[in-house]
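Commentary on secondary and tertiary structure
Each chain, letter by letter, is given below.
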Amino acid sequence: MAEYLFLIIASLVVASAFWVVFSPNLIHSAVSLMFALFSTAALYVFLYADFIAGAQVVIYVGGILVLIIFGVMLTSKIDTPSIASSSANQFIGMLVAFSVFVLQIGVIFNTNWKVGGIGNDDSTVSLVGKLLLTKYLLPFEMISILLLA
């Protein structure tokens, strides 16, 4: 059952990512980006990385996507956007993208993947919290002061 749910979510990620790229309407592209980002967060849940899944939703869906939608809605000529651009490097870009894809497929099929869940019962949120308040307290406080400034 979990394999089928994973395949459904993975196909949703791929389909919505293609729709982000190939959609002629910017609003449809932004909504499809929302589906892609939420589906990516669901894939993080499958990897037992609940902290990263929550960060994905808060940072990318809650922040970046809202910024993109406001940017799209506040620009002029939203009804007839002109996104067409011709580049002389399209073939080279396609070749590089295909070679990276082949490299990723090779890595995926030649890696010995760990099967099963994580060894302890603690969630990654509690583990990250314990590490931030014990071992990495000084860098955490320095980054918080830097971000505050």
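The notes below deal with the structure included here. These figures come from a predicted structure and were not determined experimentally.

In this section: the overall build of the chain. Per the secondary structure count, the chain includes six helices and zero strands. Sequence-ordered secondary structure for the chain, helices as α and strands as β, is α-α-α-α-α-α. Counting over 149 residues, the chain shows a buried share of 13%. A separation of at least 24 residues holds for 58% of the contacts in the chain among residues at least 6 apart in sequence. When the accessible surface of the chain is totalled, it reaches about 11900 Å², and 75% of it is carbon and sulfur.

Note on placement: serine 23 falls in the loop between α1 (2-22) and α2 (26-46). For serine 23, the contacting residues outside a window of four places in its chain are His28 and Ser29.

Turning our attention to the packing of α1 against α2. For the pair α1 and α2, the least separation of the axes is 8 Å and the interaxial angle reads 150°. In terms of their interaxial angle, α1 and α2 are classed as roughly antiparallel. As α1 runs across α2, the sense of the crossing is left-handed. Note on element contacts: α2 touches α1 through His28, Ser29, Ser32, Leu33, Phe35, Ala36, Ser39, Thr40, Ala42, Leu43 and Phe46, opposite Ala2, Leu5, Phe6, Ile9, Ala10, Leu12, Val13, Ser16, Ala17, Trp19 and Val20. For the contact of α1 with α2, the class distribution of residues is 16 nonpolar, six polar and no charged.

Bringing helix α3 (residues 50-74) into the picture now. Between the first and last C-alpha of α3 there are 34 Å, a value that for 25 residues agrees with the 36 Å anticipated at 1.5 Å per step. The largest bend along α3 reaches roughly 25° and is located at leucine 65. Those residues of α3 lying buried are Ala53, Gln56, Val61, Leu65 and Val72. Elements that come into contact with the buried residues of α3 comprise α2.

To continue, consider unusual backbone geometry. The residue tyrosine 48 is not glycine, and still its phi comes out positive at about 60°. By secondary structure assignment, the location of tyrosine 48 is in the loop between α2 and α3.

Turning our eyes to something else, we now look at the environment of glutamine 56. Within the fold, glutamine 56 resides in helix α3. Residue classification places glutamine 56 among the buried positions, given a relative accessible area of 8%. Placed 14 residues apart in sequence, glutamine 56 and alanine 42 show a C-alpha to C-alpha distance of 9.6 Å. What glutamine 56 contacts, discounting residues up to four positions off in sequence, is Leu37, Thr40, Ala41, Tyr44 and Val61. Engagement of the side chain of glutamine 56 in a polar contact is seen with the backbone oxygen of leucine 37, the distance being 3.4 Å.

Rules used in this analysis
Residues numbered from 1 in each chain as written. Predicted model: local features only at pLDDT ≥ 70, side-chain atom pairs only at ≥ 80, totals over all residues. Heavy atoms only, no water. Helix = DSSP H or I, 4+ residues; strand = E, 2+ residues; numbered from the N terminus. Buried < 20%, exposed > 50% of the residue type's maximum accessible area, 1.4 Å probe, protein only. Contact = heavy atoms within 4.5 Å. Areas by Shrake-Rupley, 256 points an atom, 1.4 Å probe, with all protein chains shown as cover. Axes fitted to C-alpha atoms, helices over the stretch in contact; angles between N-to-C directions. Parallel < 35°, antiparallel > 145°, perpendicular 65-115°, else oblique. Left-handed = near helix turned anticlockwise from the far one by under 90°. Nonpolar A, V, L, I, M, F, W, Y, C, P; charged D, E, K, R; others polar. Expected span 1.5 Å × (residues − 1). Bend = angle between axes of the 7 residues up to and from the residue. Polar contact = N/O pair within 3.5 Å; in protein donor to acceptor, adjacent residues only side chain to side chain.

Take it as geometry only, folks, not as evidence of what the structure does.
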